[in-house]
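# Observations on the three-dimensional arrangement
As a plain string of letters, each chain reads:
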Amino acid sequence: MSDVGSDEFDDERSKLGEYEGDRNEAGERHGVGKAVLPNGDIYQGQYENGRRHGQGTYHFKNGARYVGDYYQNMKHGQGTFYYPDGSKYEGSWVEDLRQGHGVYTYPNGDTYDGEWLHHTRHGQGIYHYKETGSEYKGSWVNGKMESAGEYIHSNHRYKGNFVNNNPSGQGKYVFDTGCEQHGEYHQAEQDRAEGKWGELASTTVLRWIPKCITGLTPWTPAKDTSGGEKETASAEEGAEN
């Protein structure tokens, strides 16, 4: 049924906008309907006892759009969100947040396929860089590359540990030619320089220290006594992790 022209729902329209669709015996939105909210947003889909619940499509006036599951007015379950900047997330939602497994396509064409927690990349995932074709595959913590992972390029890959989006500590470069270069990354702080607003600023640069070249060897991260992680590798040629 429709609210339009009904005095009974004048007060509801002023608070919740216009609605056309099914209702339950209590007069609540229930079943399938379409609502135009006071701010211009539009929702069309399923309701239960006055709340968005089930499958639905929500159009935001800024151009964004969500298509998927709702639970008690919240995005919850599986759904796709199209953002105004052209990016898109398709995957799992928990109480209006990206959480679980999902794929995010960024405006520049990069993609992240992996686990999310509280709207942030967290867990195991793969980030693909469209411009270079390279990708990072490994662990994420609060949106950053952390712990064990690998950078995969067209003809070689780097396997090691990461801290704050950068390789750190022991690792190795694996080349398609069938050899590896083992070594260690060190972070060195450049000289401090005066920034735009007069404050002192410093940048961190990475320095790769090569140690040896071997045949292909397995690599697994292992905790060391200092609380970090170290590389453990066997000398079996022809085997790759």
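Source: prediction; values computed, not measured.

So, on to the overall build of the protein chain. Along the protein chain, the regular secondary structure elements total one helix and 20 strands. Among the 241 residues that make up the protein chain, the fraction classed as buried is 33%. Contacts in the protein chain between residues far apart in sequence, at least 24 positions, make up 14% of those at least 6 positions apart. With an accessible surface of roughly 13900 Å², the protein chain has 47% of that area assigned to carbon and sulfur atoms.

Moving on: the pairing of strand β7 (residues 88-94). Where strand β6 (residues 74-82) and β7 come together, six bridges link them in antiparallel fashion. Counterpart to Q78 in the pairing with β7 is S92. Once β6 ends, the chain turns through five residues before running back antiparallel as β7, passing G86 with a positive phi of about 95 degrees. Where β7 and strand β8 (residues 97-105) come together, six bridges link them in antiparallel fashion. Its bridge partner lying in β8, K88 is registered against T105. Connecting the antiparallel pair β7 and β8 is a turn made up of two residues, with E95 showing a positive phi of about 50 degrees.

A complete count under the given rule lists four salt bridges for this structure. A salt bridge links D96 to K75, with the nearest nitrogen and oxygen atoms 3.3 Å apart. Of this pair, D96 sits in the loop between β7 and β8 while K75 is found in strand β6, placing the two residues 21 residues apart along the sequence. Among the residues examined, K75 registers a relative accessible area of 13% and is labelled buried. The shortest N-O distance in the salt bridge between R157 and E150 comes to 3.2 Å. By relative accessible area, which is 14% here, E150 ends up buried.

Okay, the confidence of the model for the protein chain next. Confidence along the protein chain averages 84 in pLDDT terms, with 78% of residues attaining 70 or more. Every residue in residues 1-14 is under pLDDT 50, and counting partners more than four places away or in other chains gives 25 contacts. Under a pLDDT of 50 for its full length, residues 224-241 has, in the predicted model, 50 contacts with residues more than four places off or in other chains.

So, on to the packing of aromatic side chains. On inspection of all chains with the given rule, the structure shows 35 aromatic pairs. Taking the centre distance of 6.0 Å and the plane angle of 40 degrees together, the rings of F81 and W93 count as tilted. A residue pair is termed long-range when its members are at least 10 positions apart, and F81 in strand β6 and W93 in strand β7 qualify at twelve residues. For the pair F81 and W93, a shared accessibility class is recorded, and that class is buried. Between Y136 and Y151, the ring centres sit 5.7 Å apart and the planes meet at 70 degrees, which makes this aromatic pair edge-to-face. A residue pair is termed long-range when its members are at least 10 positions apart, and Y136 in strand β11 (residues 135-141) and Y151 in strand β12 (residues 144-152) qualify at 15 residues. Y151 carries the same exposure label as Y136, and that label is buried. Geometry around Y82 places R65 over its ring, the cationic atom sitting 4.2 Å from the centre. The ring of Y112 has R121 lying over it, and the distance from NZ or CZ to the ring centre is 5.8 Å.

Turning to the pairing of strand β5 (residues 65-71), a few remarks are in order. Sheet analysis places strand β4 (residues 51-59) next to β5, joined by six bridges and oriented antiparallel. Bridging from a neighbouring strand, T57 pairs with V67 of β5. Counting the residues in the hairpin turn of β4 and β5 gives five residues, including G63, whose phi is positive at 105 degrees. Pairing geometry for β5 and β6, over six bridges, is antiparallel. By the bridge assignment for β6, G68 is matched with G79. Adjacent in sequence and paired antiparallel, β5 and β6 are bridged by two residues, among which Q72 carries a positive phi angle near 50 degrees.

Conventions adopted
Residues numbered from 1 in each chain as written. Predicted model: local features only at pLDDT ≥ 70, side-chain atom pairs only at ≥ 80, totals over all residues. Heavy atoms only, no water. Helix = DSSP H or I, 4+ residues; strand = E, 2+ residues; numbered from the N terminus. Buried < 20%, exposed > 50% of the residue type's maximum accessible area, 1.4 Å probe, protein only. Contact = heavy atoms within 4.5 Å. Areas by Shrake-Rupley, 256 points an atom, 1.4 Å probe, with all protein chains shown as cover. Pairing = 2+ DSSP bridges. Salt bridge = Lys/Arg side-chain N within 4 Å of Asp/Glu carboxyl O. pLDDT = per-residue confidence, 0-100. Phe/Tyr/Trp six-rings, centres within 6.5 Å; stacked < 30°, edge-to-face > 60°. Lys NZ or Arg CZ within 6 Å of the ring centre and 35° of its normal.

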